[in-house]
Amino acid sequence: MRALKTAILSAALALGITGAAQASESVHIPKQSWPHSGIFGTIDKASAQRGFQIYKEVCSTCHAMHLVPIRTLAGIGFSEDELKALAAGYEVQAGPNDSGEMFMRPGVPADRFPSPFPNDQAARAANGGALPPDLSLMAKARVGGEDYIHAFLTGFEEPPAGVNLMPGMNYNKYFPGHQVGMPNILQPDGVTYADGTKATVEQQAHDIATFLTFAAEPHLDARKQMGVKVILFLIVLAGLMYATKRKLWSNLH
Amino acid sequence: MAQAQATKFKNPLVNWIDSRLPIFTMLDHEYNHYPMPRNVNYLWAFGAIAGIMLVIMIATGLFLAMQYSSHTSLAFDSVERIMRDVNYGWLLRYVHANGASMFFIAVYIHMFRGLYYGSYKAPREILWILGVIIFLVMMGTAFMGYVLPWGQMSFWGATVITNLFSAFPIVGDPIVTLLWGGFSVDNPTLNRFFALHFLLPFVLLGLVILHTAALHVCGSNNPLGIDAKGPQDTVPFNPYVTVKDGFAVVIFMIVYAAFVFFMPNYMGHPDNYIPANPLVTPAHIVPEWYFLPFYAILRAIPDKLGGVIAMFGSIALLMALPWLDTSKVRSCKFRPIYRQFFWILAIDALVLGYAGAMPAEGAWLIIARVGTFYYFFHFLVLLPVLGKLERPRPLPNSISESVLKGGGRVAAGAAAKPMEKA
């Protein structure tokens, strides 16, 4: 009977939350134009590199990206030497060694990006109870994908009159429920881009979203390129099949 | 060995084997010379397409299983490892995940084709019932497959669906405990679902072989719903239907490839890219699209046990379909009144599917209830009554007469024209 109650309870809960979510889903997430969208779209590598720079300098203070090995960045144009140098900048826990001790060593490209906190509890404790989500799959794990990331990062504003924020929370017009632990982190020229691009908030949000799309789907370019070939092949094959079929069946009529 | 047919096959090795184990004779008989009604249209290709989808699912699934870890602490990351690090792992997984949806698309079209042309009627009752069993096993297999990536929807979908069984009195709770292997959806659940997800496709394969065997006893139905009377009404399966089905398969593959390569996550849910968390319930718990009509039926009934019975009943009653439909005429082509209700049923299924994706409240709940009512009304009342009341249009004398040029009644000839060209 307990299972039954749990089921009913969870269903009721889900329905209750559904109502709330419905209310918040009326927020329209504006669509952006992305160089990687469409059949022939590919990741804008320069933009993704800038996005990575922001991840490294800003996001990674709180957000982990634990599914992504550093070597993945070869896909947005990092050379092997650059990757080695980049990886060596991280300290990675290794071991145990012969005396049974864990020790720190410089990272290698095969390592994954180190997480800022040892566990979820530590992450919550350092962030006023809020858990900064892992960014490895962010571009695939939210309705709206990269458009949502862009909207979220540019969606911080003063709460409208009548909205009381809970302590430590910030108002974001695109976040479900609007109250979010993360502060408005992107400032104009908050980062200095290595390639000299002007770091407007809009530009930064765009670059982060591009980078996170790549991080969530490192084989995106390869997938689309293969898709074009596969479909072209299938169309030619379909034409041949149809011609064969017509010829064969014509002597039946 | 006295009656060894020495000249049957050109290849002596094939001959040698065949005279001891006649598999080549069987294949020759069932796939080379198997007579297909010459008027079948492209809807008849979806059986072959569904069969090919099963093979694709087993093949990709095998290689995915080699890389997957069925432990709650590893499952999610192992799937991501397949996506990122395994050579063409992303391709395998997207082919498999979208393949499930494409398999259901093929099977739903196959089923509605059977409904429209009365393919379930005598002498094809067992063929149809085997098909319904295949559909049920497919649903179980797909459900368990969706649990394996151990994302939020995997976990919560598994929780909601397994909990359905607890609605049954007395046996309900023990069944749920057995499904879970414990007292909540957890590691034992994932492990047994993985084992079953590996086993059931082979059960499906066996059922498909039986389904095909039953088909080859009475032969394929056709758009006119009348029996083939002789060779003038049929064509040999090979090469005529092989090439026709082959063309249909390639077109289907183009659609499939478009999903795999250009919108691989379109039919999935973003929440399943968030690792399972028993403490956080997603805002909407929505099953995969192919379960949505049944999910709508489940939620349309205010009582839990009633809802579960209605949901399982909606599939179970399909097994009784050959006896619920009292009309002697198979094809809807010759049933002017029933044909309209068929399309209402098709729209009803789509509406139920849409309602299943919406929160069960307000207008959507009412729509789901009306849809559920019509579903049962259609099969339990309309079908038996209409068969007695309706006056079907006259049937043509034979397939060849109505299909071939210059023969048959004008009306039937005109109706058969599109598939003659097809």
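All residue numbers refer to position in the chain's written sequence, counted from 1. Here chains are named by letter from A upward and ligands by number from 1 upward, in the order in which they appear as written. Since the coordinates come from a predicted model, pLDDT governs what is reported: local features require at least 70, and pairs of side-chain atoms require 80 or more to be given and counted, while whole-chain, interface and lining totals use all residues. With hydrogens and water set aside, each side-chain value is computed from the structure's full complement of heavy atoms.

Points about the overall build of chain A
This is how it is decided: Think of it this way: any DSSP run of H or I at least four residues long counts as a helix, any run of E at least two long counts as a strand, and we number them from the N terminus. Only protein chains enter the calculation, and the probe is 1.4 Å; a residue is then buried if its accessible area is under 20% of its type maximum, exposed if over 50%, and partly exposed in between. Only heavy atoms enter the contact rule, under which two residues are in contact if any of them lie within 4.5 Å. Note on areas: Shrake-Rupley with a 1.4 Å probe; residue coverage comes only from the protein chains shown.
On a plain count of helices and strands, chain A comes out with seven helices and four strands. Per-residue burial for chain A yields a buried fraction of 39% across its 253 residues. Within chain A, counting contacts between residues at least 6 apart in sequence, those at least 24 apart form 61% of the total. Surface exposure of chain A reaches about 13500 Å², of which carbon and sulfur atoms provide 60%.

Considering the interface of chain B and chain A
Just so we agree on the cut-off: The term buried area denotes the loss of accessible surface (1.4 Å probe radius) that occurs when two parts are joined, taken as the sum for both partners. The salt bridge definition used is simple: a Lys or Arg side-chain nitrogen within 4 Å of an Asp or Glu carboxyl oxygen. In the analysis that follows, any N or O atom pair within 3.5 Å is treated as a polar contact, provided that within protein one partner can donate a hydrogen and the other can accept it, and provided that, for residues neighboring in sequence, both atoms belong to side chains.
Contact residues are listed per partner, giving 52 residues for chain B and 52 residues for chain A. A buried area of about 4600 Å², summed over both sides, lies between chain B and chain A, and 68% of it is on carbon and sulfur atoms. Inspection of the region where chain B meets chain A yields one salt bridge. Run the count over chain B and chain A and you get 10 residue pairs in polar contact (both at pLDDT 80 or more). When contributions to the side of chain B that touches chain A are tallied by element, the ones reaching two or more residues are α4 (75–84), α5 (89–116), α8 (172–180), α10 (237–262) and α17 (410–421) of chain B.

Here we look at the pairing of strand β1 (residues 91–94) of chain A
Residue and element names in this part refer to chain A. Inclusion rule: Only strands joined by at least two bridges in the DSSP assignment are considered to pair.
Burial along β1 is one-sided: Val92 and Ala94 are buried, while Glu91 and Gln93, pointing the other way, are not. Pairing analysis gives four bridges linking β1 to strand β2 (residues 103–106), with the strands arranged antiparallel. Paired with alanine 94 across the two strands is phenylalanine 103, which belongs to β2.

A look at the packing of helix α6 (residues 125–147) of chain B against helix α7 (residues 152–164) of chain B
Residue and element names in this part refer to chain B. Going by this rule: Fitted lines through C-alpha atoms give the axes, limited to the stretch in contact for helices. The angle between two N-to-C directions lies from 0 to 180 degrees. Each angle is binned into one of four classes, with values under 35 degrees roughly parallel, values over 145 roughly antiparallel, values of 65 to 115 roughly perpendicular, and all other values oblique. We call Asp, Glu, Lys and Arg charged. Ala, Val, Leu, Ile, Met, Phe, Trp, Tyr, Cys and Pro are nonpolar, and the rest, Gly among them, are polar.
Two elements in contact, α6 and α7, have axes whose closest approach is 8 Å; the angle formed by their N-to-C orientations is 140 degrees. Comparing their axes, α7 and α6 come out oblique. Across the interface between the two elements, Phe143, Tyr146 and Val147 of α6 pack against Met153, Ser154, Gly157, Ala158, Ile161 and Thr162 of α7. In the contact of α6 with α7, the residues fall into six nonpolar, three polar and no charged.

Describing helix α5 (residues 145–153) of chain A
Residue and element names in this part refer to chain A. Counting buried residues along α5, nine of its nine residues qualify, which places the element largely inside the surrounding structure. Inspection of α5 places Gly145, Glu146, Asp147, Tyr148, Ile149, His150, Ala151, Phe152 and Leu153 among the buried residues, and these make up the whole buried set. Its buried side turned inward, α5 meets β4 (179–180) and α6 (201–216).

Here we look at the pattern of salt bridges
Within this structure, the stated rule accounts for 16 salt bridges over all chains. Note that A:Asp207 is salt-bridged to A:Arg50, the shortest N-O span being 2.8 Å. Highlighted residues: A:Asp207 in helix α6 and A:Arg50 in helix α2 (residues 45–57), separated in sequence by 157 residues. Assigned by exposure class, A:Asp207 and A:Arg50 land together as buried. Two residues, B:Asp325 and B:Arg335, come together in a salt bridge whose shortest N-O distance is 3.3 Å. Residue B:Asp325 is found in the loop between α13 (321–324) and α14 (336–357), and its partner B:Arg335 is found in the loop between α13 and α14; the two are separated by 10 residues along the sequence. For the pair B:Asp325 and B:Arg335, a shared accessibility class is recorded, and that class is buried. Beyond isolated ion pairs, a larger network of salt bridges with shared partners links B:Lys121, B:Asp325, B:Arg335 and B:Glu390.

What to know about the environment of B:His197
All names here are of chain B. Within the secondary structure, histidine 197 sits in helix α9 (residues 187–218). Of the residues examined, histidine 197 reaches a relative accessible area of 16% and is grouped as buried. Residues histidine 197 and alanine 65, 132 residues apart in the sequence, show an inter-C-alpha distance of 10 Å. Beyond its immediate stretch of four places on either side in the chain, histidine 197 contacts His96, Thr141, Met144, Gly145 and Leu148. Reaching out from histidine 197, the side chain makes a polar contact with the backbone oxygen of threonine 141 at a distance of 2.9 Å.

Brief notes about the nonpolar core
Heads up, the condition is: Among the buried residues, those of types Ala, Val, Leu, Ile, Met, Phe, Trp, Tyr and Cys that are joined through side-chain atoms within 4.5 Å form a nonpolar core.
If you look at the biggest cluster of nonpolar residues, it comprises 166 residues, and the most contacted ones within it are A:Leu73 and B:Phe379. Those residues in contact with B:Phe379, other than ones at most four positions away along the chain, are B:Leu115, B:Leu317, B:Leu318, B:Leu321, B:Leu324, B:Leu345 and B:Pro384. By size, the runner-up hydrophobic cluster in this structure holds six residues, among which are B:Leu224, B:Val329, B:Phe334 and B:Ile399.

Considering the confidence of the model for chain B
All names here are of chain B. Counted only if it meets this: Known as pLDDT, the predictor's per-residue confidence is scaled from 0 to 100.
When pLDDT is averaged along chain B, the result is 92, and 94% of the positions lie at 70 or above. With pLDDT under 50 throughout, residues 406–422 is counted as low confidence; its partners more than four residues away or in other chains account for 23 contacts. Interface scoring of the predicted complex returns ipTM 0.89; its pTM is 0.90.

Looking at the side chain of B:Thr162
Residues and elements named next belong to chain B. Relative to the helices and strands, threonine 162 resides in helix α7. Taking relative accessible area as the criterion, threonine 162 reaches 1% and is therefore assigned buried. Once residues lying within four places of it in the same chain are set aside, the contact partners of threonine 162 are Phe143, Val176, Leu179, Trp180, Val185 and Phe193.

Topic: the state of the cysteines
In plain terms, the rule: Criterion for a disulfide: a pair of cysteine sulfur atoms within 2.5 Å.
What the rule picks out here adds up to zero disulfides over all chains. No disulfide involves A:Cys59; its sulfur sits 9.2 Å from that of A:Cys62, the nearest cysteine.

Topic: the side chain of B:Asp233
For the record, the criterion: Neither His nor the chain termini are counted; the positive set is Lys and Arg, and the negative set is Asp and Glu.
Its location among the elements puts B:Asp233 in the loop between α9 and β2 (234–236). Buried within the structure, B:Asp233 lacks any salt-bridge partner; its nearest side chain of opposite charge belongs to B:Lys229, at an N-O separation of 5.7 Å.

Points about unusual backbone geometry
Most peptide bonds are trans, and most residues other than glycine sit at a negative phi. A cis geometry characterises the amide bond from A:Gly95 onward to A:Pro96, with omega recorded as 5 degrees. At the junction of B:Asn238 and B:Pro239, the peptide bond is cis and its omega measures out at 5 degrees in the coordinates. One non-glycine residue, B:Trp150, lies in the positive phi region at around 55 degrees. Here B:Trp150 lies in the loop between α6 and α7.

Concerning the packing of aromatic side chains
Residues and elements named next belong to chain B. To keep it simple, the criterion reads: Any pair of Phe, Tyr and Trp rings, taking the six-membered ring for Trp, is counted once the centres come within 6.5 Å. Such a pair is stacked with planes under 30 degrees apart, edge-to-face with planes over 60 apart, and tilted for the rest.
Scanning the model with the defined rule gives 46 aromatic pairs over all chains in all. Seen from their ring centres, tyrosine 108 and tryptophan 289 are 6.3 Å apart, and the 55 degrees between their planes marks the pair as tilted. Here tyrosine 108, found in helix α5, pairs with tryptophan 289, found in the loop between α10 and α11 (292–300); they are 181 residues apart in sequence, far enough to count as distant. Between phenylalanine 259 and tyrosine 266, the aromatic rings sit 6.2 Å apart at their centres with planes inclined by 35 degrees, giving tilted as the arrangement.

Looking at a nonpolar patch on the surface
All names here are of chain B. What counts is decided by this rule: Each patch is built from residues that are more than 30% exposed by relative accessible area and take part in no salt bridge. Like charges join if they lie within 9 Å; nonpolar side chains (Val, Leu, Ile, Met, Phe, Trp, Tyr) join within 5 Å.
Together, Leu62, Phe63, Met66, Phe198, Phe202, Leu205 and Ile209 give the surface a local cluster of nonpolar side chains, amounting to about 660 Å² of exposed area. Sorting the residues of the nonpolar patch by element identifies α3 (46–65) and α9 as the ones contributing at least two each. Counting residues per element, the nonpolar patch draws most heavily on α9, which supplies four residues. When you line up the elements, phenylalanine 198 lands in helix α9. Overall, phenylalanine 198 belongs to the partly exposed group, its relative accessible area being 36%.

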